[in-house]
Structures are given as structure tokens and as C-alpha cells.
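Structure assessment
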Amino acid sequence: MCRSIKTLRPPVLPGEATEDDIHAAALQYVRKVSGFRAPAAHNREVFDQAVQAVAEATAELLGGLEVRGQSVRGAAG
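Thresholds applied
Residues numbered from 1 in each chain as written. Predicted model: local features only at pLDDT ≥ 70, side-chain atom pairs only at ≥ 80, totals over all residues. Heavy atoms only, no water. Salt bridge = Lys/Arg side-chain N within 4 Å of Asp/Glu carboxyl O. Helix = DSSP H or I, 4+ residues; strand = E, 2+ residues; numbered from the N terminus. Buried < 20%, exposed > 50% of the residue type's maximum accessible area, 1.4 Å probe, protein only. Axes fitted to C-alpha atoms, helices over the stretch in contact; angles between N-to-C directions. Parallel < 35°, antiparallel > 145°, perpendicular 65-115°, else oblique. Left-handed = near helix turned anticlockwise from the far one by under 90°. Contact = heavy atoms within 4.5 Å. Nonpolar A, V, L, I, M, F, W, Y, C, P; charged D, E, K, R; others polar. Core = buried A, V, L, I, M, F, W, Y, C linked by side-chain atoms within 4.5 Å. Expected span 1.5 Å × (residues − 1).

1. Some words on the pattern of salt bridges
- Under the counting rule described, the total for this entry stands at two salt bridges.
- In this structure, Lys-6 engages Asp-21 in a salt bridge whose closest nitrogen and oxygen atoms are separated by 3.6 Å. Linking Lys-6 in the segment before helix H1 (19–34) with Asp-21 in helix H1, this pair joins segments that are 15 residues apart in sequence.
- By relative accessible area, which is 46% here, Lys-6 ends up partly exposed.
- We note a salt bridge from Arg-44 to Asp-48, for which the minimum N-O separation is 3.1 Å. Taken together, the residues Arg-44 and Asp-48, both in helix H2 (residues 44–64) and four residues apart, mark about one turn of the helix.
- On the accessibility criterion, Asp-48 (37% relative accessible area) is partly exposed.

Right, here's the structure in full:
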């Protein structure tokens, strides 16, 4: 669906995904789903809330994943 969203877990991404990596992926996802690259002022708040919610869910997912028996991330940022 979103070819520009990269995989954020090791070993695909060397090391931990940063908050910036997670936010960028969340922004790309919300842009794709909403169809807006930049929403109008009257949609800005809900757009930003969606980006934040997706970023939080992504951080939680990455924090809980295990690769070969080891946690991928520590506490999500």
C-alpha cells in the first residue's frame, strides 16, 4: 500500500527505529489513507491526531516484537 514506508525492525533496519522514523512512517500512512498530503486547516487537528495515534501504535508494536527470542526495542519512545 505505502511503498515509501520502510520496515522499522531489525534486521531490516540496523539498530532501533528512532522517533523520527516512526513519525515519518505514521505520516506516510495517514497521508495515504486520507488522500491528503497536507490537510486543509479544518482537517489539521484530526489529521495530526491520527498521525500521533498511528505513531504510538507503531512504537508499541515495535516494543513488543521479538526477533529470535530477543526484544526488538526497549520502552517505546
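2. Digging into the packing of H1 against H2
- One way to put it is that H1 packs onto H2 with a least axis distance of 8 Å and a crossing angle of 130°. Relative to H2, H1 is oriented oblique. H1 and H2 meet at a crossing whose hand is right-handed. Contact residues: H1 offers Ile-22, His-23, Ala-26, Leu-27, Tyr-29, Val-30, Arg-31 and Ser-34, while H2 offers Phe-47, Ala-50, Val-51, Val-54, Ala-55, Thr-58, Ala-59 and Leu-62.
- Residue composition of the contact of H1 with H2, grouped by class: 12 nonpolar, three polar and one charged.

3. A few points about the side chain of Thr-58
- Along the chain, the position of Thr-58 falls in helix H2.
- For Thr-58, the contacting residues outside a window of four places in its chain are Leu-8 and Ile-22.

4. A look at the nonpolar core
- Residues Leu-8, Ala-17, Ile-22, Phe-47, Val-51 and Leu-62 are the most contacted members of the largest nonpolar core, which totals 13 residues.
- Of all the secondary-structure elements, those providing two or more residues to this core are H1 and H2.

5. Focus on H1
- With 16 residues, H1 should reach 22 Å at 1.5 Å per residue; the first-to-last C-alpha distance of 22 Å fits that figure.
- Where H1 is concerned, the buried positions are Asp-21, Ile-22, Ala-25, Ala-26, Leu-27 and Val-30.
- Next to the buried residues of H1 lie H2.
- Following H1 by one or two positions, Gly-35 adopts a phi angle in the positive range, close to 80°.

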